[in-house]
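Chains, contacts and geometry: an overview
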Amino acid sequence: MERLTADERLTLKTGAFGAVFLVSNAVPGMLAMVRESFAASGALAEVGGVVKEALTTGPLPQLPRDSALEVESVVLPALGRSVEILSAKSPEDIETYRSVVLAAAERVALAHRGIEPAEAAAIEKIRQALAEAA
């Protein structure tokens, strides 16, 4: 395994945190956001190794806040790029990354009232972005 650069760690973090943000904002609401944040942090805290290092070190990613399309335009490419980075530097961690991102996204969707159609659509986009980079 080759060590990740700060930019690569930020890309992994942007993808993971952005996926959570994307699902959370699919069905907006303040109370829901609080519950969803706790749900996501639980999933992200359970990971180890290179993925944990990437998600817990360095600055927080800067995500657009104006529209879902703008968020998607940053997050979905970051997810694909994250898989490419891990393929090159730590292939044994690809499935860990995919699993933790999807688990966090699903926990966010389930945290308030179960998975609503807009959240399911966001999760499917995340799943595709993680798979297409394979």
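In the block above lies the structure referred to throughout.
Structure report, in brief. Keep in mind the model is a prediction, meaning the values are calculated, not measured.

The rules we used
Residues numbered from 1 in each chain as written. Predicted model: local features only at pLDDT ≥ 70, side-chain atom pairs only at ≥ 80, totals over all residues. Heavy atoms only, no water. 1 Å grid on protein atoms, 1.4 Å probe; cavity = no way out; pocket = protein on both sides within 12 Å on 5 of 7 lines; lining within 4 Å. Points joined across faces, edges and corners; volume = space filled by probe spheres on them. Helix = DSSP H or I, 4+ residues; strand = E, 2+ residues; numbered from the N terminus. Nonpolar A, V, L, I, M, F, W, Y, C, P; charged D, E, K, R; others polar. Axes fitted to C-alpha atoms, helices over the stretch in contact; angles between N-to-C directions. Left-handed = near helix turned anticlockwise from the far one by under 90°. Contact = heavy atoms within 4.5 Å.

**Looking at the layout of surface pockets**
A volume near 180 Å³ is recorded for the second largest pocket. As for the second largest pocket, its lining consists of 15 residues, and the residues nearest its centre are Leu22, Asn25, Ala26, Ser67 and Ala68. Considering every element that reaches the lining of the second largest pocket, the biggest residue donor is helix α6 (residues 117–132), with four residues. Here the lining of the second largest pocket is composed, by residue class, of nine nonpolar, two polar and four charged.

**Considerations on the packing of helix α4 (residues 68–89) against α6**
The geometry of α4 relative to α6 is characterised by a closest axis approach of 7 Å and an angle of 35° between their N-to-C directions. The chirality of how α4 crosses α6 is right-handed. Contact with α4, carried on its side by Glu72, Leu76, Leu79, Gly80 and Val83, involves Lys125, Ile126, Ala129 and Leu130 of α6 and no other residues of that element. Tallied by class, residues from the contact of α4 with α6 come to six nonpolar, one polar and two charged.

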